[in-house]
Each structure stands twice: as structure tokens, then as C-alpha cells.
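Here are the chains, one letter per residue:
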Amino acid sequence: MKKILAATLFGAMTISLAACGGSETASETETTAATAEKDTAETAKEETDAPAEVKELSLQGVTVGFSQTDSMSSWRTTETDSIQEAVEAAGGEFIVKDAQGDIATQASDISDLVAAGVDYLVVAPLENNGLQDVLIEAMEADIPVILVDRAINGEAGTHYTTAIASDFIWEGAQCAAALNEALPEGGNVVIINGGYESSTSTDRQAGFVDSLNDNFTVIAEQNGNWLMADAQDVMENIIQAQGGDNIDAVFAVTDDMVQGAMNAITANGLVPGKDVLTLGIDGTRAALESVEAGTQLASCTCTPYFGPIVVETISALMNGEEVETAIVNPDTLYTIDNVDVSVGF
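Cut-offs and rules
- Residues numbered from 1 in each chain as written.
- Predicted model: local features only at pLDDT ≥ 70, side-chain atom pairs only at ≥ 80, totals over all residues.
- Heavy atoms only, no water.
- Disulfide = S-S within 2.5 Å.
- Buried < 20%, exposed > 50% of the residue type's maximum accessible area, 1.4 Å probe, protein only.
- Pairing = 2+ DSSP bridges.
- Helix = DSSP H or I, 4+ residues; strand = E, 2+ residues; numbered from the N terminus.
- Contact = heavy atoms within 4.5 Å.
- Axes fitted to C-alpha atoms, helices over the stretch in contact; angles between N-to-C directions.
- Salt bridge = Lys/Arg side-chain N within 4 Å of Asp/Glu carboxyl O.
- Right-handed = clockwise from strand over helix to strand, strands pointing away.

Asker: What should I look at first to understand the state of the cysteines in this one?
Answerer: Disulfide: a covalent bond connecting the sulfur atoms of a pair of cysteines. As enumerated under the stated definition, the model contains zero disulfides in all. Cysteine C300 shares no disulfide, and the gap to the nearest cysteine sulfur, in C175, comes to 5.6 Å. Under the relative-accessibility criterion, C300 is labelled buried at 0%. Cysteine C302 remains unbridged, with the sulfur of C300 as its closest cysteine sulfur at 8.0 Å.

Asker: How should I be thinking about the sheet that holds strand β7 (residues 216-223) in this particular structure?
Answerer: Across the sheet, six strands lie side by side as β7-β6-β8-β9-β10-β12; this open sheet has mixed pairing. The open sheet has two free edges, formed respectively by β7 and β12 (333-334), since each of these has just one partner strand. Sheet analysis places strand β6 (residues 187-193) next to strand β8 (residues 249-252), joined by four bridges and oriented parallel. By the bridge assignment, V190 is partnered in β8 with V250. Most of the contacts of helix α8 (residues 255-267) go to strand β9 (residues 277-282), to which it runs at about 155 degrees, and overall it touches β6, β8, β9 and β10 (298-301).

Asker: Hey, could you run me through the pattern of salt bridges in this one?
Answerer: Close approach of charged atoms allows side chains of opposite charge to pair. Counted under the stated rule, the structure contains five salt bridges. The salt bridge involving D282 is made with R204; its shortest N-O contact spans 3.3 Å. Residue D282 is found in strand β9, and its partner R204 is found in helix α6 (residues 199-211); the two are separated by 78 residues along the sequence. Judged on exposure class, the residue D282 and its partner R204 are both buried. Overlapping salt bridges bring together R76, E79, D149 and R150 as one network.

Asker: Before we go on, may I ask you to explain the pairing of strand β4 (residues 145-148) in this structure?
Answerer: A regular strand places its side chains on the two faces of the sheet in alternate fashion. Side chains V145 and L147 project from β4 onto one buried face, and the interleaved I146 and V148 project onto a second face that is buried too. Inspection of the sheet shows strand β3 (residues 120-123) paired to β4 by three bridges, in the parallel sense. Bridging from a neighbouring strand, V123 pairs with L147 of β4. The parallel pair β3 and β4, bridged by helix α4 (residues 132-140), forms a crossover whose chirality is right-handed. The pairing of β4 with strand β5 (residues 162-166) spans three bridges and is parallel. Each residue of the ladder has a partner; that of V148, found in β5, is I164.

Nothing here speaks to function; it is geometry throughout.
This is the structure in C-alpha cells:
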């Protein structure tokens, strides 16, 4: 039905601070589709996404508070575990608050951590807006704020000390490069977004769309709310509206949502990897197993292992060292040519 070919850094890192796409940029390097295609094979073999070892650093007597968005995915729980293990291994005390997917709850959680007198505050922002006031509150209380995995609309030095994240635009561009190679003649693409108030989601989608070749047409785009079940429902609706035979590929901004989309594809008598190509981001074990099996074309990692770099950053701040306001975690695109299931989580 469709001709399927096996798919054989750095983007505009705009993590500053308007949700990876604001007026201030943390890197002036630009990602293009051509660069993404050229770099994919080289970087994929050089990078590793397993958790790095924590250096011999001491956080003895230090309390680290962590505001997590939710615990509804393996990515989130792995991130929390990584930071907790690294802090405690270095002798620090760890306090975590789970916002359960609610921005008002997260703002309240951060206020509670500030009131508790934590020495350092680590925040995974749920959305671009809604936390500015409480982050200023922390900074004015001389509590350094370390953003992880997502950006906010704000300024370094006012709302936070440093932000550590992947290059989301680069991730999306890598997926587009894989699809361009697999289907150079193009086709119809469905996009499942995670949420339009998140820089992670919007930047991944922008990197993907901007790097597709001109032969592709995005025929549908919906919000899957980051969840596998929601993405399955969304994909069911799109198949009913567009017709399964009219869809050549599905890009979801997380691998969990790709799994949901593939469930819907299969339920409608289509074969993922044959009738419809699928691509996603995060590098979950399920996704990498699907890449290995040929049902998912590609998965670009987005490491949840923030523990080591968070502890190193806190240690540097404790020692009075200058810390960059934007720190990039490197990632890898996996296709059937270089997939390594062991790095999944």
C-alpha cells in the first residue's frame, strides 16, 4: 500500500526563557533539516542515554526541594528517582512535591518548599506560565532555582538560576530527518501534541514540522495530553475522520503517546511500521523495543536522568562557581540501524 524504507547538535536552543521560543535565547545555533539529517548517524552512535555516575560530591547538610509536575509516566518517575538517588548519594536531604498535573498545585508546592527553608529548589515546570511569582519568591529568599526538562516564560537571575533541558527543537528535527529518509516521496502526516502550554511539546512539534520536506502534508493535529490512553482516543478519532488509508505517518511528541496511537492503528486493521509509520520522543524501553521490532520508525531520546547533573550544578553553586543559565542534555536518535534497547527506561 505504501512504500516503506528503513530509516537508516544542535538546534536553536531557546530554553530561556520564554518557553524555548522567546525573545532571549540560550544558544544561537540553528537547526536545519539538512544539518539534522547529516548529524543523525554521527551523534546517534556517539551519545549514551544511560544515567551518568555521580561524581564524589558532598551535599552534606543541604536540603534539596523538588517540585515535580506529576507521576503519571515512567519518564516522570524515573526523573524523580534519578534526582533523589543522586542527592541522597551525595549526603543531602531530598523533599519532593507532586503537583499531579495541576499548575495551581505546583505553585502552592513551591511556596511550601520555600517556607520549609530548602537550600536549593529544583523545578520541573508544568506549563510556561503560572509559576513566575513563586519562583521570584524563592529567588528573593536566596534559594537558587534550577529548572529541569522544561522552560518557563521568565528571565535568568529573576525567576531562576539555571535551566537544564534537552534541545527540544533538535529532537523534533531528528524525527523529521528519519521520516524524510524513510519516505522521500512524502505523504500525509498526523501530529499528536502533548499540550500547547508546554515548551517541550510546542518546540518538538516546531522542530519536526519545520524540518519535514515539502512533499509532506500535515492533515490532522490534536492534543493527546501526554497520555497513552488519550492519544489512543485521539488517533481513533483521526482515523475515523481521515480514513486509515489516507495516513502515512504519525508523529507524537512523546513515546507513550506513540504507543497509544499504535494501539488505535492496530485496532483499525492497520499495521504500524507497514501501513503507517510512527515516530516519537523520550526513548522509553517500550519505544526502543518497537523500533527494534520495526513497528516504530524512530525514537529520539530525552534523558530523564537529571540526578548527576543537578548534583554537579548544586555543588558548583555551593563553591561559588559561575554556572551557565542554560545547560543542554545531549540526546540520541534511534532507528533500526542503531537501536539499543538497554538504554530505555
